[in-house]
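Observations on the model geometry
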Amino acid sequence: MSNPGVQGPVLEGQLNAVERQLLEDAVRTAPRPPRVVLEVGTWLGGGSTLHLLRALEARGSGHLWGIEADPEIFAQMKANLQQAAPQLMHRFTPLLGFSQQVIPRWLAEQAPGFEIDLVFLDGGNRPMEQMDEFFLLDPHLPVGARLLAHDAKLRKGKYLVPYLSALDNWRCQLHDVSVEGLFWAEKTAPQPSPASLREARRRWWRRRLEPAEVAAVVVPHAVRKWVFQRLPARYARKYAEGRQV
């Protein structure tokens, strides 16, 4: 028997059908119903956001906080969800802004001992953003918490995927189900061993010191923008996102 309100209209969104199912499964198969879910990067709401909300509704508990940095997309996302799935909006709180600023404010508003059961990272293309998000959230992720990240095979996941995969207190899997890839990790112990932490940091710094990543940090934004504007679109996308030409 279907759960009323779980299925509904199709909204414009990212992620393919398999990725959306994996995201729903992360909620539906959790040992305990997730109470707190955080998403970074909602876009227009029809991809990860709507499917997370449907999965929470199917389990009958939990709340999703969704961060979106672009004000126009943020407004359209809220309107889309309100029109297509008003019965799910009691489980959703949208947050406008960049994750590095929004997450600390959001955490500061919570009670002591606050825990996050599930995180989905799909924000900006710069790989350091996911690292910043992970370092902010990890202290609030208990054993059993799940972390998923999109664009895991692209530049966005260049730091986080090898870093987290080296830590022995996370069980990780890269789902090669799209050009972008979906990363799935589950926390298995409160802290990593010192040896695995050293290896994770070694992998991270090795990638940070690649010439392209150093240039992305030290070359002024105006210069990089000037260069990208003069590259063919497909090449600009390759270097910005790590996609194949």
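Above: the structure in question.
Below or above, wherever it landed, is the structure these notes cover. (Residues numbered from 1 in each chain as written. Predicted model: local features only at pLDDT ≥ 70, side-chain atom pairs only at ≥ 80, totals over all residues. Heavy atoms only, no water.)

**Focus on the overall build of the protein**
The secondary structure content of the protein amounts to ten helices and seven strands. Considering the protein as a whole, with its 245 residues, one finds that 47% of them fall into the buried category. Entry remark: accessible area of the protein is about 12,200 Å², with carbon and sulfur atoms responsible for 56%. (Helix = DSSP H or I, 4+ residues; strand = E, 2+ residues; numbered from the N terminus. Buried < 20%, exposed > 50% of the residue type's maximum accessible area, 1.4 Å probe, protein only. Areas by Shrake-Rupley, 256 points an atom, 1.4 Å probe, with all protein chains shown as cover.)

**Digging into the nonpolar core**
Within the largest apolar cluster, 34 residues are counted, with the highest numbers of intra-cluster contacts made by Trp106, Ile116, Leu121, Leu137, Leu147, Leu164 and Trp170. Ranked by the residues each element gives to this core, the list is headed by helix 6 (residues 160-166), at five residues. Other than its neighbours up to four places away in sequence, Ile116 contacts Val36, Trp106, Leu107, Leu137, His140, Leu141, Pro142 and Ala145. Core analysis: the second largest hydrophobic core is formed by 24 residues, Val37, Leu52, Leu64 and Trp184 among them. (Core = buried A, V, L, I, M, F, W, Y, C linked by side-chain atoms within 4.5 Å. Contact = heavy atoms within 4.5 Å.)

**Digging into the packing of helix 4 (residues 99-108) against helix 5 (residues 127-137)**
It is the contact of helix 4 with helix 5, at a shortest axis distance of 10 Å, that shows an interaxial angle of 10°. Judged by the inter-axis angle, helix 4 sits roughly parallel to helix 5. In this structure, helix 4 uses Ser99, Gln100, Ile103, Pro104, Trp106 and Leu107 to contact helix 5, whose residues at the interface are Glu129, Asp132, Glu133, Leu136 and Leu137. When the residues that make up the contact of helix 4 with helix 5 are grouped by side-chain class, the tally is six nonpolar, two polar and three charged. (Axes fitted to C-alpha atoms, helices over the stretch in contact; angles between N-to-C directions. Parallel < 35°, antiparallel > 145°, perpendicular 65-115°, else oblique. Nonpolar A, V, L, I, M, F, W, Y, C, P; charged D, E, K, R; others polar.)

**A short note on the environment of Leu38**
Relative to the helices and strands, Leu38 resides in strand 1 (residues 36-40). Residue classification places Leu38 among the buried positions, given a relative accessible area of 0%. It is 9.9 Å that separates the C-alpha atoms of Leu38 and Thr49, two residues lying eleven residues apart in sequence. Ignoring anything within four residues of it in the chain, the contact list for Leu38 reads Leu64, Trp65, Ile67, Ile103, Trp106, Leu118, Val119, Phe120 and Leu137.

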